[in-house]
Amino acid sequence: MKRIALFAPVLMLALSGCLAKTAVDVVTAPVRVGAKAVDWATTSQSEADEKRGRDIRRREEQAGKLQRSYERHRRQCEQGDEAACSTARNEYDQLQALLPSLPYERR
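The model shown is predicted, which means the values in this text are computed figures rather than measured ones.

Peer 1: Whenever I open this one, the overall build of the protein confuses me. Can you help?
Peer 2: A tally of regular secondary structure across the protein gives 3 helices and 0 strands. Ordered by position in the sequence, the α and β elements of the protein form the string α-α-α. The buried share among the 107 residues of the protein stands at 15%. Surface accessibility of the protein: about 9,300 Å² in total, with carbon and sulfur atoms responsible for 60%.

Quick look at the structure:
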């Protein structure tokens, strides 16, 4: 019993610090949660730039594939393949629709 009496003040001091920290954590939790929600809801400029860059690279790859396919079908069309002529016209139209969305680079 004497041991408990000796350790009681030490335990009370230790627990009061834990309780104070817990109280501070509980009070600041809504602020931290709100800040995290705002961070998730907004897009930083660097994130927006990265997304735009990925989108441009995707469209450039698509334009490259269309260009190569168009050239192949155009050569086949010149050799008399009517189906290739129709495919080449469709690919040309798709390519013309895609090109304005790509950034212009001077060479």
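Peer 1: Is there a simple way to explain the pattern of salt bridges in this structure?
Peer 2: Side-chain pairs of opposite charge can arise whenever the charged atoms involved come near each other. In this structure the tally under the stated criterion is 4 salt bridges. Here arginine 59 ties to aspartate 55 by a salt bridge, and the two come within 3.1 Å at their closest N and O atoms. Here arginine 59 and its partner aspartate 55 are both found in helix α2 (residues 45-78), 4 residues apart, which amounts to about one turn of the helix. Given a relative accessible area of 14%, arginine 59 falls into the buried group. Here glutamate 78 and arginine 74 are joined by a salt bridge, their closest N and O atoms 2.7 Å apart.

Peer 1: How do you make sense of the state of the cysteines when you look at a structure like this?
Peer 2: The bond known as a disulfide is covalent and runs between the sulfur atoms of two cysteines. Taken as a whole and assessed by the stated rule, the structure comprises 1 disulfide. Between cysteine 77 and cysteine 85 runs a disulfide, and the two sulfur atoms are separated by 1.8 Å. Taking the torsion about the sulfur-sulfur bond, which here is approximately 90°, the covalent link between cysteine 77 and cysteine 85 counts as right-handed. Note on cysteine 85: relative accessible area 7%, which makes it buried.

Peer 1: Could you clarify how one ought to interpret the environment of glutamate 71 in this entry?
Peer 2: With respect to the helices and strands, glutamate 71 occurs in helix α2. Spatially, the C-alpha atom of glutamate 71 lies 7.7 Å from that of alanine 88, the residues being 17 residues apart in sequence.

Peer 1: Can you walk me through the nonpolar core in this structure?
Peer 2: Buried together is how nonpolar side chains tend to be arranged in soluble globular proteins. Membership of the largest hydrophobic core is limited to 5 residues, which are Ala63, Leu66, Leu95, Leu98 and Leu102. Among the secondary structure elements, those contributing two or more residues to this core are α2 and α3 (82-98). Leaving out residues up to four positions away in the same chain, alanine 63 has contacts with Leu95, Leu98 and Leu102.

Peer 1: Is there a simple way to explain α3 in this structure?
Peer 2: Residues lying three or four places apart along an α-helix face the same way, a consequence of the helix completing one turn every 3.6 residues. The first and last C-alpha atoms of α3 sit 25 Å apart over 17 residues, in line with the 24 Å expected at 1.5 Å per residue. The backbone nitrogen of alanine 83 has a side-chain oxygen 3.2 Å away, supplied by the residue at the start of α3, namely aspartate 81.

Peer 1: Got a minute to help me understand the packing of aromatic side chains in this structure?
Peer 2: Pairs of aromatic rings are described using the distance from one ring centre to the other and the angle between the two planes. For the structure shown, the criterion picks out 1 aromatic pair. Centre to centre, the rings of tyrosine 70 and tyrosine 92 are 5.5 Å apart; their planes meet at 45°, and the pair counts as tilted. With a gap of 22 residues between them, tyrosine 70 in helix α2 and tyrosine 92 in helix α3 connect regions that are remote in the sequence. Given a relative accessible area of 39%, tyrosine 92 falls into the partly exposed group.

Rules and cut-offs
- Residues numbered from 1 in each chain as written.
- Predicted model: local features only at pLDDT ≥ 70, side-chain atom pairs only at ≥ 80, totals over all residues.
- Heavy atoms only, no water.
- Helix = DSSP H or I, 4+ residues; strand = E, 2+ residues; numbered from the N terminus.
- Buried < 20%, exposed > 50% of the residue type's maximum accessible area, 1.4 Å probe, protein only.
- Areas by Shrake-Rupley, 256 points an atom, 1.4 Å probe, with all protein chains shown as cover.
- Salt bridge = Lys/Arg side-chain N within 4 Å of Asp/Glu carboxyl O.
- Disulfide = S-S within 2.5 Å.
- Core = buried A, V, L, I, M, F, W, Y, C linked by side-chain atoms within 4.5 Å.
- Contact = heavy atoms within 4.5 Å.
- Expected span 1.5 Å × (residues − 1).
- Polar contact = N/O pair within 3.5 Å; in protein donor to acceptor, adjacent residues only side chain to side chain.
- Phe/Tyr/Trp six-rings, centres within 6.5 Å; stacked < 30°, edge-to-face > 60°.

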